[in-house]
Structures are given as structure tokens and as C-alpha cells.
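# Geometric and topological summary
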Amino acid sequence: MTIAAHPLVARARELADGLLSPAAERVDQEGVPPSHIEAVKRSGLLGLNAPVAYGGSAAPAAVVRETAEILAGACCSTWFVQTQHQTPVLTLAGTDLPVRERLLGPLARGELLSGVAYAHLRSYPRVPVRVRRDAGGWLFSGTVPWFTGWGLNDVLLLAGVTEDDEALFAFVEAREQPGLRPSEPMRLAALTASRTVSLDLDGLRVPEEAVALRMPFARWAAADRPKTRNANPAVFGIAEAALALVAEEYAAVLRGRLAEIRRRAYALADHPVPDEHVAERLAVRTEAFTLMRAVTTAAVVTGGGRAMSLDHRAQRLAREGLFLLVQGQTSESRAAHLTGLAEPHHSGR
């Protein structure tokens, strides 16, 4: 079976063409509606990475990437809300703690949507969220700078650093409650529609049975680091969507470059040792960003003055591309990107 013929890819395409893409400009201005999330829940795509025994699909990596490209190219805001869900699913699939049996099935089957609040761990040794022992559980204090999907998610996977320098992840209901207060939704240059807030934590009590992961911070960081070195499939999805707006005489060359970078990026992503070829991974990631910017710029140029209208697809895709430049960014990936941009031979190709 080819990737394009896989049932989950076909389902993603149907969702994208029938719902997400036609509404994308309106969603960009008004916000991701609950109806979009319900459609994603029904699609089975929330269980892509989940074990079959829990109602998921355990889909191959190539299928996961293809569905991400399709959804991101159709409506990046909806893609971004639902992609948060995959980390909680993978976290539960890899643990034997009691919370697995309580939540993995509902998350895999799309009965619940989870968000994540852990990117701040990547700012270590700065620790925005501290965790300390409490009778029968843990207390979280500090500020989560970014949380996406507020008002759409049912639960969230919250992380902090303990007094013993451990990374601790636990599930919390995604609602205002004692010890947890959200900010007003942020107005962003792109993806304001994703309902992103910050979370103020003031002694939020989380019971022991909600803990999904607890390990020395250094070990967690070593496992997390490779995730930010590979090119994000959403970059290729945005680029493909933008190419559809460019005249074929110009798009053909750009499409060929995109296919070559994608091939190299996914070959590296599939390499069995994630800590190898680090410099090459980061370089290809930068190339993917650079070409995405060239393609979205081509779409804007093609649209002319009309592309400056907020309801024009080209400028929405260009703004979403800007967002992807910094999404999941670490000091390592930032340095590699800036180095690539500063090289004398850099030409946007």
C-alpha cells in the first residue's frame, strides 16, 4: 500500500479538503471552532501514534508525517492544536504508571483531546515551573509561557522541575481551578486562532496518580534534544499549499527543490540513531525553512496587492510560515538557523 492510499492519509485529505481548507481564512480571524476539534476527534487521527490495543493505529512514521503535512497545509491553526495531543499519547504509551490505564484509551480513541505545557523545560537552567512534594501528590508553581488550545482541550500534560532536579509530567484538567489561572488569549502575528494562553500556577495540587513521567532532568533532556533537530513536516505542508497559488512555470522548479529537501529530511528522521548526523539534520532543517519562505513569498508576489488582504490565502500561509520558524525552537536550532542565514553563499535555495 502506498502512503497516499493509507486509510488515515485518505481521512486526513478528506478532512482537509472538505472542512479545514475552505474555512481556513475565517478560522485564522475568528479562532479554531469546537466543531473542527470534534471532526478531528471523529477522524481517528488523534490515535495515530497510540497502541492498537488501546484503540489507536500505531501508524508508520511516514503516515504520521504525511497527515501532518496535509493538516498543516489546510489549516495550520487546527493542525497546531491537534498536534499537541501526540506527545501525551506517546508519553502514556511509554509508561507503566497508573495514569496510562485511565487516559491512554480515551486519548487514543479521540474521546479526549490533550494539550501540552512542557516547552518551558527547554529553557533550563532557567526553571519557570517548580514542583515540590505535597502529601499524596505534588504542588506546581510558576508560569507556563505558552499553552495552546485553551477552551478546546479536555486535559493537559503539565511539566516542571522538582527540588531533586527531576523532570515531572502530570495530567491536569484543562480548566481554571485553584492554583491554575489562564491569561487572556494572546494576539499573535500568526495562529492567534489556536487559542494560546499563559498559565499562572500558584500551588496547583496534582495527585500522585496523575503523574505520567518522572526522571532525572538530564536524562529527559537528552531524549528530547533530537526531536528539535529534524525538519517539521508542517513546513512542507505550508510550502505545498503555497505552491498551489504560484503559476506552474515558476512552481515546478520550487516543487523539485522541495521534494529533494523533503527526501533528505525524512531519510534523516528515519535514521535509527537519533543522535547521529546532528549537523546535517540542523542544516537540512534550515534549508527547509529557507525554501518555505521562498515559496510563501512567491505566493504573496503572485497575489500582488490582493495578498495584503487578511482574507487572502497567500498572506495567511506566509504568516504561518513565520510561526513555524520559531515553533519548537531551542538554542541549538536557533544558532544553526542563524548561522545558515549568515553564510555568504546563502541565497534562499
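Note: the structure precedes this text.
Quick notes on the rules
Residues numbered from 1 in each chain as written. Predicted model: local features only at pLDDT ≥ 70, side-chain atom pairs only at ≥ 80, totals over all residues. Heavy atoms only, no water. Helix = DSSP H or I, 4+ residues; strand = E, 2+ residues; numbered from the N terminus. Rg over C-alpha atoms; globule rule 2.2 N^0.38 Å. Contact = heavy atoms within 4.5 Å. Core = buried A, V, L, I, M, F, W, Y, C linked by side-chain atoms within 4.5 Å. Buried < 20%, exposed > 50% of the residue type's maximum accessible area, 1.4 Å probe, protein only.

### Description of the overall build of the chain
Across its full length, the chain holds 12 helices and eight strands. Here the chain has a C-alpha radius of gyration of 20 Å; the compact-globule value for 349 residues is 20 Å, and the two agree. Taking as baseline every contact in the chain between residues at least 6 positions apart, the subset at least 24 positions apart corresponds to 73%.

### Quick word on the nonpolar core
Counting residues in each nonpolar core, the largest one holds 65 residues, and the members touching the most others are W79, F236 and L324. Excluding residues that lie within four positions of it along the chain, W79 makes contacts with A68, L71, A72, N232, A234, L324 and Q327. Residues A50, L107, V161 and A212 belong to the second largest nonpolar core, which totals 25 residues.

### Some details on unusual backbone geometry
Cis geometry is adopted by the peptide bond preceding P125, which originates at Y124 and carries an omega value of 20°. One non-glycine residue with positive phi stands out, namely L191, at about 65°. Checked against the element boundaries, L191 lands in the loop between strand 6 (180-182) and strand 7 (196-207). The residue H277 is not glycine, and still its phi comes out positive at about 60°. With respect to the helices and strands, H277 occurs in the loop between helix 9 (248-269) and helix 10 (278-303).

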